[in-house]
Amino acid sequence: MKRFSLPRCFSCSAVLLLCLLFAVPPSAGEKTRATPKPGTGFGGSVDVNVVNVDVFVRDHKGNPVTGLKAEDFLLSRDGIRQEISNFAVVTEDLIETRLQARAAAVPTHVAESKAAQEVELRPIWVVIYIDNENLDPIDRTRVLRRVREFVTESLHEPMQMMVVTNQAGLKVIQDFTSDARQVNAALRSIGTYSGGWQERRRTRLEIIQDMRDSKNQGYGRENDRDTAGGRKQGVYQRILAAAREEANDLDFSLMALRQIVDTLAGLDGRKSILYVSNGLPMTPGLGLMHEYATLYHDNTILSSRARFDRQAQFQALTSRATSQEINFYTVDAEGLNVNLGGGAESSYAGDPTASRVGESNFQGPMRYMAERTGGIAVINANDVSKGLSRIRDDFYAYYSLGFEARLEAKDSVHRIDVSIPGRKDLDIRYRRRFVARSLESKIQDRVSAALLLDIDDNPMRLALAHGEAAPSAGKHWTVPIELELPLEQITMIQTGEDMIGRVEIFIGARDLDGRQSDLQRQHHEIRLKAGQNMPGVWKYGASLLMNKGSQRVVIALMDEITHKVSYASMVFSVP
């Protein structure tokens, strides 16, 4: 690493601490992973004036229907019909043809039909998220066997997969790759962890058993009624305590899901999260509350539902995913034998109605996440192969409908409706909302993407370098960085006796364990005297507070007058 000297130039220094101080410590003994590369050669920048909607059309048996034309569809935004300006039918055969033509270096017009030439094949990014904190180990073993088969059958260009897990925090086990062997090896490596799901289930069963015992003690004598009443109050408090603990765990789980969504932000192409768990509660403790109300004929406990309800958080998560054009595909590992009220190890199996409430409470969010984002929920299936096959169809058989939309100064949400008049025999799925992104939001998303992938987008010729790391508080290190910008690339406007230019800088960092910093933004004004000889470069300096290990830093710079944007990145080790 070099030390910085500051030659004569126009410069700006920022006291900026970009913290990579994550809640999760690095895994002991975990191997360093190489920075992933795009590898597909598909995609590219998309015209910001065009909104593309992926539409999945299936027959009554669930088979893809790919013979429709643009005139078969009606598309509207906020209730106003839109002209379909871009239309494409993507099939696996078409993708294979394009790939073979590229591999053989055959000219496109020779190897492909006219229809195939008009289809833009975009990268497909799939994050396989195994939520070990919300998974029963036995169910995980059964389901992961099918997931590995799904990977073997599905993973080929233009698709890349990443494997992450939640086990005492979010961990990236395998960064994006198109190698199915690496993905399956990563899936096998996470098969031994036992998270908090079993303990939470055991707590629920014990509380149900205590409810039954206190009820059966009888009320014949006064002291028996007093004892039973005391146990009833004790159970009441235990249910609320269990709900609080479950709510706390759920909040961390939702935070991890949001982090995955943010990780995918800015990637060009189709983006999906395959989420595997035994379910997440929409309202923590709801099943136990209904068991209590049914057994004791006392509904007062149900008044506590509102303070534990997490529907708003699930709505925020799916809205964020929709804004980033991300589909959730959820797999409920519980299978058909769902009975959250009891089990074989409990002498009291629970009230059937209360058990159904508990079951729906855990399965509902799995359906909700999928339906709100245009994905598929695989529920109540001991063998998830059929559901995974339907998910695979989504990746390789769909329609892309595009319509023109004006640029927005701020992010704004719009409703989308797509129909196929006269074809009630067909099932149609798509994302119901889209977010018109502002330029600033697009830049932030692009920075997040550049933290994962090498992005060659530097028209302003930014140069980025770092100095030597110095020990800081605790086990952290301070790393100086410096950005150089040729001043000729900035538009300067004369104001009085001064020439003024304005830039906005975006900075993000990510380590190779997959932990990512919050994005930092700063505005800077470049001011020169009119007629003054313009310096060759403008320099920007900052200090980053980081953990030890390999780090990737990305800086984006936008000329606020022309909205011209450049990106620069570097990878280095601390210390």
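Residues numbered from 1 in each chain as written. Predicted model: local features only at pLDDT ≥ 70, side-chain atom pairs only at ≥ 80, totals over all residues. Heavy atoms only, no water.

A. Focus on the overall build of the protein chain. Along the protein chain, the regular secondary structure elements total 13 helices and 24 strands. Split into buried and exposed, the 575 residues of the protein chain put 53% on the buried side. Of the contacts made within the protein chain by residues no fewer than 6 positions apart, 78% connect residues no fewer than 24 positions apart. Put simply, the protein chain shows about 25900 Å² of open surface, and 48% of that area lies on carbon and sulfur atoms. (Helix = DSSP H or I, 4+ residues; strand = E, 2+ residues; numbered from the N terminus. Buried < 20%, exposed > 50% of the residue type's maximum accessible area, 1.4 Å probe, protein only. Contact = heavy atoms within 4.5 Å. Areas by Shrake-Rupley, 256 points an atom, 1.4 Å probe, with all protein chains shown as cover.)

B. Up close: the sheet that holds strand β3 (residues 74-77). Taken together, the four strands give an open sheet; going across it, the order is β4-β3-β13-β15, and neighbouring strands pair in antiparallel fashion. Unpaired on one side and paired on the other, β4 (80-81) and β15 (433-436) mark the two borders of the sheet. Relative to strand β13 (residues 412-419), β3 runs antiparallel, the two sharing four bridges. Residue pairing in the sheet places Arg77 in a bridge with Ile416 of β13. (Pairing = 2+ DSSP bridges.)

C. Main features of the packing of helix α4 (residues 137-154) against helix α12 (residues 385-396). Look at α4 against α12: their axes get within 10 Å of each other, and the N-to-C directions meet at 30 degrees. Of the possible angle classes, the one that applies to α4 and α12 is roughly parallel. As for how α4 packs across α12, the hand of that crossing is right-handed. Counting all contacts with α4, which are made through Arg146, Val147, Glu149, Phe150, Glu153 and Ser154, the residues of α12 involved are Ser385, Leu388, Ile391, Arg392, Phe395 and Tyr396. When its residues are assigned to classes, the contact of α4 with α12 shows six nonpolar, two polar and four charged. (Axes fitted to C-alpha atoms, helices over the stretch in contact; angles between N-to-C directions. Parallel < 35°, antiparallel > 145°, perpendicular 65-115°, else oblique. Left-handed = near helix turned anticlockwise from the far one by under 90°. Nonpolar A, V, L, I, M, F, W, Y, C, P; charged D, E, K, R; others polar.)

D. Local environment of the side chain of Glu504. Along the polypeptide, Glu504 turns up in strand β20 (residues 498-511). Under the relative-accessibility criterion, Glu504 is labelled buried at 2%. Here the side chain of Glu504 touches Arg521 through a polar contact of 2.3 Å, side chain to side chain. At 3.4 Å, the side chain of Glu504 and the side chain of His523 are in polar contact. (Polar contact = N/O pair within 3.5 Å; in protein donor to acceptor, adjacent residues only side chain to side chain.)

E. Seen up close, the confidence of the model for the protein chain. Taken residue by residue, the protein chain gives an average pLDDT of 83. The fraction at 70 or more is 83%. Within the protein chain, the lowest mean pLDDT, 46, falls on helix α3 (residues 114-117), and the highest, 97, falls on strand β11 (residues 377-378). Here residues 13-48 scores under 50 on pLDDT; set against residues more than four positions off or in separate chains, the count is 104 contacts. Note that residues 219-223 has pLDDT below 50 and, in this model, three contacts with residues that lie over four places away or in other chains. (pLDDT = per-residue confidence, 0-100.)

F. Seen up close, the sheet that holds strand β14 (residues 427-429). The strand order across the open sheet built from four strands is β5-β12-β2-β14, with neighbouring strands paired in antiparallel fashion. Of all the strands in the sheet, just β5 (86-90) and β14 have a single pairing partner and so form its edges. With direction set aside, neighbouring strand axes in the sheet form an average angle of 25 degrees.

G. Region of the structure containing the nonpolar core. Ile128, Val151, Met161, Leu187, Ile391 and Phe395 are the most contacted members of the largest nonpolar core, which has 39 residues in total. Secondary-structure elements contributing two or more residues to this core are α1 (92-103), β6 (124-130), α4, β7 (159-166), α5 (180-189), β9 (270-277), β10 (326-332) and α12. For this core, the element with the highest residue contribution is α4, accounting for five residues. Residues contacting Met161, with those up to four places away along its chain left out, are Val126, Ile128, Phe150, Val151, Ser154, Leu155, Asp175, Phe176, Thr177 and Val183. Ranked by size, the runner-up nonpolar core spans 32 residues in total, among them Val127, Phe176, Ala256 and Leu453. (Core = buried A, V, L, I, M, F, W, Y, C linked by side-chain atoms within 4.5 Å.)

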